[in-house]
Amino acid sequence: MSKRIVLALGGNALGKGLEKQMQAVRTTAQAIADLIEAGHELVITHGNGPQVGMIHQAFEAAAHSSEQYSVLPMSVCVALSQGYIGYDLQNVLRETLLKRGIKKNVVSLITQVRVDEQDPAFKMPDKPIGSFLSEEVARKLIQQNVVVKEDSGRGWRRVIASPEPKEIIEIEAVKSLLDAGQVPVTVGGGGIPVVAEGDHLKGVSAVIDKDRASAVLARDIDADMLVILTAVEKVAVNFNTPQQKWLDRMTPEEARRYIAEGQFAPGSMLPKVEAALAFAESRPGRQALITLLERAGDGINGRTGTIIG
Ligand SMILES: NC(=O)OP(=O)(O)O
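The name given to the chain in an unreviewed UniProt entry is Carbamate kinase, with Mixta tenebrionis as the source organism. The Sequence similarities (unreviewed entry) field of the UniProt record for the chain holds the comment "Belongs to the carbamate kinase family."

Structure representation (structure tokens):
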């Protein structure tokens, strides 16, 4: 049965760096084309952690080299990341679909997402962006008042505020594209974070979690399913212990209990399970799926992955 699906692409669907991203997007496009060919109506969202950090750092270096350039506000960096990643996705997916005889526009929408200026996240930056840094580089950045954190023994990364997404500003445009049979790429990098000042939307320094924004999007376009693609086929409890157990399904009650037990790592599986739970609970009958990109088709058909709902 065909479904309306929001497909949230994780880091490994995009690769790191220009060339690796182009290679990864080719594989990603094949998996997405399989779903379109199977008759599903898709909206594609994606992360931007490595890319937005790279863009910010590049403009910072440029600003140090010449007075003509300035450091870009993070909201503008998110907008640039939507264009950079969205262009690759729409270019490659269009071609992949054409080779299968499917003619559809794939359209990247520069998408703003409203957040609350009072969100406590602005006082506690915790979203890692950019590449891993050595301790030496991290200590230099700390002296320059840049917020960095050690990331699970893997190295240091810059961190930034990640407020809760409240509203997708361009939601009606997404619905229009879907109704016209096209494939929107939207809410890239969680959307450009903005706060409302009357009719004006002011960009703010933050990076919204793309899974949380995807859950809001999926709710507001009345999707049947939110598919969160990540680096593991299923969600596990007691991860990396002798008691590790892979989960085929979680009811909302079980998901809440596992979250309360601290089963999922913050900044990793926790926001994915929270986003999946928020969507599943937004209306009876809605389901979220967490799985690998290459198992998405099987997961949608109930053959693998972890279903929440
Ligand atoms: N914005 C966002 O959530 O990006 P990542 O998934 O790459 O961290």
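S.K.: Whenever I open this one, the site of the ligand confuses me. Can you help?
M.R.: What surrounds the ligand is the set Gly47, Asn48, Gly49, Pro50, Lys127, Gly189, Val207, Ile208, Asp209 and Lys210. Glycine 49 is positioned with one of its backbone polar atoms (N or O) 2.8 Å from an oxygen atom of the ligand. Protein coverage of the free-state accessible area of the ligand, which is 260 Å², stands at 85%. Of the residues belonging to the shell around the ligand, the class tally is three nonpolar, four polar and three charged.

S.K.: For this particular structure, what's the right way to read unusual backbone geometry?
M.R.: One can expect most non-glycine residues to show negative phi and most peptide bonds to be in trans. Backbone geometry at asparagine 145 places phi at a positive 65°, although glycine is not the residue there. Of note, asparagine 145 is situated in the loop between α4 (135-143) and β6 (148-150). Of note, valine 187 is a non-glycine position whose phi angle comes to about 55°, a positive value. Within the element layout of this structure, valine 187 appears in the loop between β9 (183-185) and β10 (192-197).

S.K.: What exactly am I supposed to notice about the packing of aromatic side chains here?
M.R.: Each aromatic ring pair is characterised by the separation of its centres together with the angle its planes make. According to the stated counting rule, one finds two aromatic pairs in the structure shown. With a centroid separation of 6.2 Å and 70° between ring planes, the pair formed by phenylalanine 239 and tryptophan 246 is classed as edge-to-face. Among the residues examined, phenylalanine 239 registers a relative accessible area of 45% and is labelled partly exposed. On the basis of an interplanar angle of 80° and a centroid distance of 6.3 Å, the ring pair of tyrosine 258 and phenylalanine 264 is categorised as edge-to-face. Taking the relative accessible area as the measure of exposure, tyrosine 258 reaches 10% and is therefore buried.

S.K.: Hey, could you run me through the nonpolar core in this one?
M.R.: Across soluble globular proteins, you tend to see nonpolar side chains buried next to one another. Core analysis: the largest hydrophobic core is formed by 41 residues, its most contacted members being Leu217, Ile221, Met250 and Phe264. When residues of this core are traced back to their parent elements, those giving at least two are α5 (171-179), α6 (210-220), β12 (225-230), β13 (235-237), α7 (252-260), α8 (269-281) and β16 (287-292). Sort the elements by how many residues they give to this core and α8 lands first, with eight residues. Non-local contacts of methionine 250, meaning those with residues more than four positions away in its chain, are made with Val235, Ala255, Tyr258, Phe264, Val273, Thr306, Ile307, Ile308 and Gly309.

S.K.: Sorry, what's going on with the sheet that holds β10 here?
M.R.: Sheets are built from strands that pair by backbone hydrogen bonding, the pairs being arranged parallel or antiparallel. Strand order in the open sheet made by the four strands is β8-β4-β10-β11, with mixed pairing throughout. Either end of the sheet is taken by a strand with one partner, and the two such strands are β8 (167-168) and β11 (200-203). Across two bridges, strand β4 (residues 112-114) lies against β8 in antiparallel orientation. Paired with arginine 114 across the strands is glutamate 167, a residue of β8.

S.K.: Whenever I open this one, α5 confuses me. Can you help?
M.R.: The α-helix winds at 3.6 residues per turn, so residues separated by three or four positions along the chain end up facing the same way. Regarding α5, the residues found buried are Ile171, Val174, Leu177 and Leu178. Angularly, the buried residues of α5 cover 125° about the axis, an arc narrow enough to put them on a single face. Exposed and oriented more than 90 degrees from the buried face of α5 are Glu172 and Asp179. The elements touched by buried residues of α5 are β1 (4-9), β2 (41-46), β3 (106-108), β8, β9 and α6.

S.K.: So what exactly am I meant to see when it comes to the environment of leucine 293 here?
M.R.: Among the secondary structure elements, leucine 293 is positioned in the loop between β16 and α9 (296-300). Excluding residues that lie within four positions of it along the chain, leucine 293 makes contacts with Leu9, Ala13, Thr28, Ala31, Leu229 and Thr230.

S.K.: Is there a simple way to explain the sheet that holds strand β5 (residues 127-133) in this structure?
M.R.: The strand order across the open sheet built from three strands is β5-β7-β6, with neighbouring strands paired in antiparallel fashion. Each edge of the open sheet is held by one strand with a lone partner, namely β5 and β6. Direction aside, the axes of adjacent strands within the sheet are offset by 40° on average. Summarising the sheet, β5 and strand β7 (residues 156-160) pair through four bridges and their orientation is antiparallel. For lysine 127, the partnering residue across the bridge sits in β7 and is isoleucine 160. On top of the sheet, helix α2 (residues 49-65) reaches β5 and β7; it is set at about 70° to β5, its chief contact.

Definitions and cut-offs
- Residues numbered from 1 in each chain as written.
- Predicted model: local features only at pLDDT ≥ 70, side-chain atom pairs only at ≥ 80, totals over all residues.
- Heavy atoms only, no water.
- UniProt positions renumbered as here; feature names shortened; annotations may be inferred.
- Near = heavy atom within 4 Å.
- Polar contact = N/O pair within 3.5 Å; in protein donor to acceptor, adjacent residues only side chain to side chain.
- Areas by Shrake-Rupley, 256 points an atom, 1.4 Å probe, with all protein chains shown as cover.
- Nonpolar A, V, L, I, M, F, W, Y, C, P; charged D, E, K, R; others polar.
- Helix = DSSP H or I, 4+ residues; strand = E, 2+ residues; numbered from the N terminus.
- Phe/Tyr/Trp six-rings, centres within 6.5 Å; stacked < 30°, edge-to-face > 60°.
- Buried < 20%, exposed > 50% of the residue type's maximum accessible area, 1.4 Å probe, protein only.
- Core = buried A, V, L, I, M, F, W, Y, C linked by side-chain atoms within 4.5 Å.
- Contact = heavy atoms within 4.5 Å.
- Pairing = 2+ DSSP bridges.
- Arc of directions from axis to C-beta.
- Axes fitted to C-alpha atoms, helices over the stretch in contact; angles between N-to-C directions.

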